[in-house]
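Commentary on secondary and tertiary structure
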Amino acid sequence: MWIFLAHAIFRHTVIVTGVCVAFLFVVWMVQSGSVGRKNEHRNKYVASRKDEEEIRMNETFMKEKPVLPLLLSMSLPMVISMMVNSLYNIVDSFFVAMISEDAMTALSLVYPIQNFINAVAIGFGVGMNAVIAYHLGAQEHGKANQAATMGFVLSLVHGAVMMVGSITVMPVFLRMFTADERVIDYGIRYSRIAFAFSLIIVTSLAFEKIFQAVGRMKVTMGGMMAGCITNIILDPVLIFGFGPFPAMGIEGAALATGIGQVLTVVIYVVIYIYRPIPVRLGRKYLTREPGLIVRLYSVGIPATLNMALPSLLISALNGILAVYGQIYVVILGIYYKLQTFLYLPANGIVQGMRPIIGYNYGAGEQKRVRQIYRITLTISAAIMLAGTIICLAVPGQLIGIYTSNPDTMAAGETALRVISIGFIVSAVSVTSSGALEGLGKGIPSFVISLFRYVVIIIPAAFVLSRVFGPAGVWNAFWIAEGITAMVAFVVYRRAVQKSSVGRTVVSNGENTQK
């Protein structure tokens, strides 16, 4: 009976997912389809004078408001929502760890693929965000609408491909890192449900980046928080069972996540319809213009690779650490769960910075671009200083959230203290990479991430582990952060100087023609 009910819940959730996606297509078609006149009339009714004034204000406030208050107002909603999201990650892992340490190990092994799906969705969304913000800053609204629409459609294509691909490769992927059939079984059961929601994930993140590009950070905060809180509430209910809900185990954790993501999408769609923004989606904005698509991917692909590189890093480090025992794979997985919580405030600041710096770059405000970067770097460094203090002060308590194994706690405490040495200096690479993405300079941003996640840390971890064992892997983290910070500083300065010279030449050429 319980098994039947569990399957029924999953079936109905998949149906809800399909309905939501179909609803999105209906909304998109209605915006510019055969019923355009009715829709136009409805929009005139919905867009009250207050809405129109708000839209006009959104057109210029990113280059007129003082930088620090502007950055805080744009970033704070993202910091809050991302902190709630990090709390979800901790709570989700906490309940999964209560099932067994094997379940927690499975979650750690599945994480790189989950991170890859998010990387593609967020990375391409960053490309959408940068292009939309740039065209809004340049007062090119038609091109901004085209960028949003084409980006949205391409995101759906990405989601469909990843859903099929990730579910297909998961069994083989898990067997690359463990021979424990129980861990493999947990991983397959979790991933099949979690990855079935890939289309919803990319839809949610595409809307998120569109709202962020026009400065509607509170909307994304509300959507993300609603989804995360729903997930947190449903986790224990679906994992352990409550009332009419069966105890679904690790599948319940995956299903709770999916339901939360569906709710986020529904909120975004409703707000998009009833609270007009300067950017619209519609069939009439579909274009085959190569230049626009190239710009989306020129930022989106490097940003995706930036996001996907941690998955490559984690997989490589899992392979290095697996030689010394499963306990170290668990510790690495726990660290990355904690890292999500520690780094998200800084990442929230960077997310708030991207549309601002892109808008001002499009508007030709070079002085504000430099000011935005400096202030963001200072705030990020302060956040990472706080994270360092916490990790040095209470590492045992942090590791103890996920495991009660004394050996795991002792080894994890040492690992966390060593890794945290590089937190403060990492603010340089995080801020520089995010600023370059906002400026539409995907390749220099990718170079920074390549140094941070591959070029330095993987060889260093491999060599040092042969000399110092697992401790060598932990030391490779701060070594890589220090070297990457120097690289990031040089790469950012060169990219910005080259950009300034290019814009000056173009400006002088226009003046000469006049």
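Please refer to the structure placed before this passage.
Keep in mind it's a predicted model, so treat the numbers as computed, not measured. (Residues numbered from 1 in each chain as written. Predicted model: local features only at pLDDT ≥ 70, side-chain atom pairs only at ≥ 80, totals over all residues. Heavy atoms only, no water.)

Describing the packing of aromatic side chains
Two aromatic rings are characterised by how far apart their centres lie and by the angle between their planes. What the rule picks out here adds up to twelve aromatic pairs. With a centroid separation of 5.0 Å and an interplanar angle of 65 degrees, the aromatic rings of Tyr335 and Tyr336 are classed as edge-to-face. Assessed through its relative accessible area of 4%, Tyr335 is described here as buried. When the centroid spacing of 5.6 Å and the interplanar angle of 80 degrees are considered together, the rings of Tyr343 and Phe423 count as edge-to-face. Residue Tyr343 is found in helix H12 (residues 326-362), and its partner Phe423 is found in the loop between helix H15 (406-419) and helix H16 (426-438); the two are separated by 80 residues along the sequence. Site record: aromatic cluster; members linked through ring pairs are Phe152, Phe207, Phe211, Tyr268 and Tyr272. The residue whose ring lies beneath Arg280 is Tyr272, and the NZ or CZ to ring-centre distance is 4.2 Å. (Phe/Tyr/Trp six-rings, centres within 6.5 Å; stacked < 30°, edge-to-face > 60°. Buried < 20%, exposed > 50% of the residue type's maximum accessible area, 1.4 Å probe, protein only. Helix = DSSP H or I, 4+ residues; strand = E, 2+ residues; numbered from the N terminus. Lys NZ or Arg CZ within 6 Å of the ring centre and 35° of its normal.)

So, empty space enclosed by the protein
Using the criterion set out here, one finds six cavities of 30 Å³ or more in the structure. Around the second largest cavity, the lining is made up of 15 residues, and of these Tyr335, Gln339, Arg452, Phe477 and Glu481 lie nearest the centre. Put simply, the parts of the chain that give the lining of the second largest cavity at least two residues each are H12, helix H17 (442-455) and helix H19 (470-513). Residues belonging to the lining of the second largest cavity are distributed by class as follows: eleven nonpolar, two polar and two charged. (1 Å grid on protein atoms, 1.4 Å probe; cavity = no way out; pocket = protein on both sides within 12 Å on 5 of 7 lines; lining within 4 Å. Points joined across faces, edges and corners; volume = space filled by probe spheres on them. Nonpolar A, V, L, I, M, F, W, Y, C, P; charged D, E, K, R; others polar.)

Observations concerning the side chain of Asp235
Among the structural elements, Asp235 can be located in helix H9 (residues 217-240). Once residues within four sequence positions are removed from consideration, Asp235 is found in contact with Val91, Asp92, Phe95, Gly252, Ala253 and Ala256. (Contact = heavy atoms within 4.5 Å.)

What to know about the packing of helix H8 (residues 198-213) against helix H10 (residues 250-274)
It is the contact of H8 with H10, at a shortest axis distance of 9 Å, that shows an interaxial angle of 40 degrees. The orientation of H8 with respect to H10, classified from their angle, is oblique. Considering how the two elements wind past one another, H8 and H10 form a crossing that is left-handed. Where H8 abuts H10, its residues Ile200, Ile201, Thr203, Ser204, Phe207, Glu208 and Phe211 lie against Gln261, Val262, Thr264, Val265, Tyr268, Val269, Ile271 and Tyr272. Taken together, the residues of the contact of H8 with H10 break down into ten nonpolar, four polar and one charged. (Axes fitted to C-alpha atoms, helices over the stretch in contact; angles between N-to-C directions. Parallel < 35°, antiparallel > 145°, perpendicular 65-115°, else oblique. Left-handed = near helix turned anticlockwise from the far one by under 90°.)

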